[in-house]
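Survey of secondary and tertiary structure
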Amino acid sequence: MKVTVSLIKADIGGWVGHSVVHPKQEELARKKLQEAKETGLLIDYYVYHAGDDLQLLMTHTKGVENPEIHKLAWDTFLEVTNKVSKVLKLYGAGQDLLSDTFSGNIRGMGPGVAEMEFEERKSEPIIAFSADKTEPGAWNIKLYKIFADPFNTAGLVIDPSMHSGFEFEIMDVIEHKVVKLSAPEELYDILALIGTPGRYVIRAVYRKSDGEIAAAASVTRLSLIAGKYVGKDDPVLLVRAQHGFPAVGEVLDAFAFPHIVAGWMRGSHHGPLMPVGLKDAKCTRFDGPPRVVALGFQLSEGKLIGPNDLFDDPAFDLTRQKANEIADILRLHGPFMPHRLGPDEMEYTTLPGVLQKLQDRFKKVE
Ligand code: F6R
Ligand code: MG
Ligand code: MG
């Protein structure tokens, strides 16, 4: 059976400030998706949050980029904005809904989308990752480790079905171009690009032996759509696991190192990406630190058997402790780089407005 998994998310108002989604927002979203399940549009769904981003995980048979599914997500975000976010005066109600009218595809309209369609295997474990207070390029180092680094993924060396490697589809989000590069042959070329996560973002990963989709990520950059600062893009990622793909534990191990990402306070600071369970998926200190949740599901004829809240585990305690130590060290830098992002990245924040005011005060050096 061919099944499509669609993970679509948006920040449509925070409780309190940019901390977390309000339970009533999730409640209404669940009601909308339940209705869609009853009409047969969806096979199944799971509604959750990562920080202030409302996450709609849906399964169906309509394929990727399907207008009915995208409209369902759009209408859900709109209704939750109007009936909950605005009524409760949640912070930034409807923030990510950048357009007034739906035009058939939710991509480019604000919400983030990760989707993949595949033939459901005899057993199909998938993991949905959702991060808050960071950008899509945050997945680059994780996807590299999962699908190209044998020090992370033992199966790349040991398992014949993975031994030929994976193909990475990398998007240049500035020039709006895409390139496919092959690991392990082109590892250094891949790294030459994805080491700049603000520009080159891994959009999908395919298994080379048969072209099967292995992972799909959101690549939305709101500021590039809106032309101004509208928050970071708080990305989502879907990964298939086991039996010819990296094992669940290999996928998760990439998150044991809390690498430093762009985002955090005002989308303008570097901070560690901290893996947390759902109960801790809320942003607090300095609007962060940036967080990521991992929900595991077994698919059964498209039904989502789960979630298994995978980072809700003492095995990630040390990662969290390290993340908090890194957060402390970075915070000591206050408004200085490299805690604050560099000038290129600050272009789409409120800083240029401040610098503008100083323009006339500069005098020529004699
Ligand atoms: C980061 C984010 C927050 C806000 C910050 C200031 O993505 O959304 O850190 O940037 O709370 O928000 P305003 O300017 O709305 O007071
Ligand atoms: Mg927000
Ligand atoms: Mg957010």
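Above this text sits the structure in question.
Here the structure is a predicted model, which means the values were calculated and not measured.

**Structural notes on the sheet that holds strand 4 (residues 112–119)**
Pairing is antiparallel across the open sheet formed by 4 strands, whose spatial order is 2-3-1-4. The open sheet terminates on both sides in strands that have one partner only, identified here as strand 2 (44–50) and strand 4. Shown here is a sheet whose adjacent strand axes are inclined to one another by a mean of 15 degrees, direction ignored. Of the pairings in the sheet, the one linking strand 1 (residues 2–10) to strand 4 comprises 8 bridges and is antiparallel in character. Bridged to Ile8 within strand 4 is Val113. Sheet contacts for helix 1 (residues 23–38): strand 2 and strand 3 (53–60); angle to strand 2, the most-contacted strand, approximately 165 degrees. Relative to strand 3, helix 2 (residues 67–85) is tilted by about 150 degrees, and along the sheet it contacts strand 1, strand 3 and strand 4.

**What about the coordination of the magnesium ion (ligand 3)?**
Under ideal tetrahedral coordination, the four donors around a metal are separated by 109.5 degrees; under ideal octahedral coordination, the six donors are separated by 90 or 180 degrees. Protein-derived coordination of the magnesium ion (ligand 3) comes from Asp52 (OD), Asp53 (OD), Asp132 (OD) and Asp234 (OD), at a distance range of 2.0 to 2.1 Å. Between the two metal centres, the magnesium ion (ligand 3) and the magnesium ion (ligand 2), the spacing is 4.4 Å, with Asp52 acting as a shared donor. Here Asp53 is found in strand 3, whereas its partner Asp234 is found in the loop between helix 6 (222–226) and strand 10 (236–240), with 181 residues between them in sequence. The exposure class of Asp53 is buried, given its relative accessible area of 0%. Residue class for Asp234 comes out buried when judged on its relative accessible area of 5%.

The rules we used
- Residues numbered from 1 in each chain as written.
- Chains lettered and ligands numbered in written order.
- Predicted model: local features only at pLDDT ≥ 70, side-chain atom pairs only at ≥ 80, totals over all residues.
- Heavy atoms only, no water.
- Pairing = 2+ DSSP bridges.
- Helix = DSSP H or I, 4+ residues; strand = E, 2+ residues; numbered from the N terminus.
- Axes fitted to C-alpha atoms, helices over the stretch in contact; angles between N-to-C directions.
- Contact = heavy atoms within 4.5 Å.
- Donors = N, O, S within 2.8 Å, 3.2 Å for Na, K, Ca; no water.
- Buried < 20%, exposed > 50% of the residue type's maximum accessible area, 1.4 Å probe, protein only.

That is the geometry; function is a separate question.
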